[in-house]
Amino acid sequence: MVYDFTTIIDRHGKDALAVDGLGTIPGMAPDAPREGFDVIPMWVADMNFATVPTIPEAIIERAKHPLYGYFNPSDEYFDAIIRWQRDRNDVTGLTRDAIGYENGVLGGVISAVTAFAAPGDAVLLHSPTYIGFTNSLSNNGYRIVHSPLKRDAEGVWRMDFADMERRIKENNIHVAIFCSPHNPCGRVWERWEIEQAM
Ligand SMILES: Cc1ncc(COP(=O)(O)O)c(C=O)c1O
């Protein structure tokens, strides 16, 4: 399918935090631009191209039925995840009882962290850290231990493996959050870096 990544779509008045949120959340959202200047919405990791058409088509089709009560995830939901994990990640033997339902990444992160740690425990993260991780972990009672990323001689942000090792031992850490591409800084880690981190 040929896809349109270049048309600039006006999002004003369409509940777009990235565009209409400027100046509304002190300390988080940037100030609104001065009179006569456009918004460049690069402060929230939001797509500025249209969602692939099959997604609104499916949502609209379902919404035509006027009752929106409790639900169980469908067979298609589980099958799509099992197929994705098989084709993309070579995961075999995944069954539906090992799959949960989340409607965002951060709930999934907390579910995963809670499988290995309890509130009050320390969790290792790299800093600078995505604010969603910071808020979700602290709101759920976890203690964040940061291992700062370091810039190498070429200006590339790298993990500091010795620092991670030390903090993991000192704080009896058994869960780390590994973010790829890293937010913020956009690092897509190289294989050797991931292997060394593991
Ligand atoms: C690293 C990272 N994880 C998770 C999220 C949240 O993703 P979502 O809102 O799609 O669940 C973001 C959003 O910016 C993110 O940058």
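Predicted model, so just to flag it, every value in this text is computed and none were measured. (Residues numbered from 1 in each chain as written. Predicted model: local features only at pLDDT ≥ 70, side-chain atom pairs only at ≥ 80, totals over all residues. Heavy atoms only, no water.)

Domain assignment breaks the chain into domain 1 (1-69), domain 2 (73-101) and domain 3 (105-197). Domain 2 and domain 3 are separated by 26 Å when their C-alpha centres are compared. (Domains from an automatic or database assignment.)

A word on the pairing of strand β1 (residues 122-127). Across a regular strand the side chains alternate sides, sitting on one face of the sheet and then on the other. Counting buried positions along β1 yields six of six residues, so the element is predominantly enclosed. Neither face of β1 is open: one carries Ala 122, Leu 124 and His 126, the other Val 123, Leu 125 and Ser 127, and all of them are buried. Relative to strand β2 (residues 143-148), β1 runs parallel, the two being bridged by six bridges. Residue pairing for β2: His 126 is matched across the bridge by Ser 147. (Buried < 20%, exposed > 50% of the residue type's maximum accessible area, 1.4 Å probe, protein only. Helix = DSSP H or I, 4+ residues; strand = E, 2+ residues; numbered from the N terminus. Pairing = 2+ DSSP bridges.)

Once that is clear, we can look at the side chain of His 182. Tracing the sequence through the fold places His 182 in the loop between α6 (161-170) and α7 (191-197). Judged by relative accessible area, His 182 falls into the buried class, the value being 5%. Engagement of the side chain of His 182 in a polar contact is seen with the backbone oxygen of Pro 128, the distance being 2.8 Å. (Polar contact = N/O pair within 3.5 Å; in protein donor to acceptor, adjacent residues only side chain to side chain.)

So, on to helix α4 (residues 105-116). Across its twelve residues, α4 extends 17 Å between first and last C-alpha, which sits within 8% of the 16 Å expected from 1.5 Å per residue. For α4, the full list of buried residues reads Val 109, Ile 110 and Val 113. Each buried residue of α4 lies within a common arc of 95° when the element is viewed along its axis, so the set occupies one face. Taken together, the buried residues of α4 touch β1 and α5 (131-139). (Expected span 1.5 Å × (residues − 1). Arc of directions from axis to C-beta. Contact = heavy atoms within 4.5 Å.)

Right, let's talk about the pattern of salt bridges for a bit. A side chain with one charge can pair with a side chain of the opposite charge if their charged atoms come near. Using the criterion set out here, one finds 15 salt bridges in the structure. Here Asp 160 makes a salt bridge to Lys 150, at a shortest N to O gap of 3.4 Å. On the criterion of sequence distance, the pair formed by Asp 160 in the loop between β4 (157-158) and α6 and Lys 150 in strand β3 (residues 150-151) is long-range, its members being ten residues apart. Judged by its relative accessible area of 48%, Lys 150 falls in the partly exposed class. Two residues, Asp 152 and Arg 158, come together in a salt bridge whose shortest N-O distance is 3.1 Å. On the basis of relative accessibility, which here comes to 18%, the residue Arg 158 falls in the buried class. (Salt bridge = Lys/Arg side-chain N within 4 Å of Asp/Glu carboxyl O.)

This next bit is on the nonpolar core. Of all hydrophobic cores here, the largest spans twelve residues; its members are Val 109, Ile 110, Val 113, Ala 117, Val 123, Leu 125, Phe 133, Leu 137, Tyr 142, Val 175, Ile 177 and Cys 179. For this core, the secondary structure elements donating two or more residues are α4, β1 and α5. With three residues, the top contributor of residues to this core is α4. Ala 122, Leu 124, Met 159 and Ile 173 belong to the second largest nonpolar core, which has nine residues in total. (Core = buried A, V, L, I, M, F, W, Y, C linked by side-chain atoms within 4.5 Å.)

Every residue near the ligand is listed here: Ala 45, Gly 104, Val 105, Tyr 130, Phe 133, Cys 179 and Asn 183. Note that an oxygen atom of the ligand is positioned 2.7 Å from one of the side-chain N or O atoms of Asn 183. Here the ligand loses 60% of its free accessible area of 400 Å² to cover by the protein chains. Split into classes, the residues belonging to the shell around the ligand amount to five nonpolar, two polar and no charged. (Near = heavy atom within 4 Å. Areas by Shrake-Rupley, 256 points an atom, 1.4 Å probe, with all protein chains shown as cover. Nonpolar A, V, L, I, M, F, W, Y, C, P; charged D, E, K, R; others polar.)

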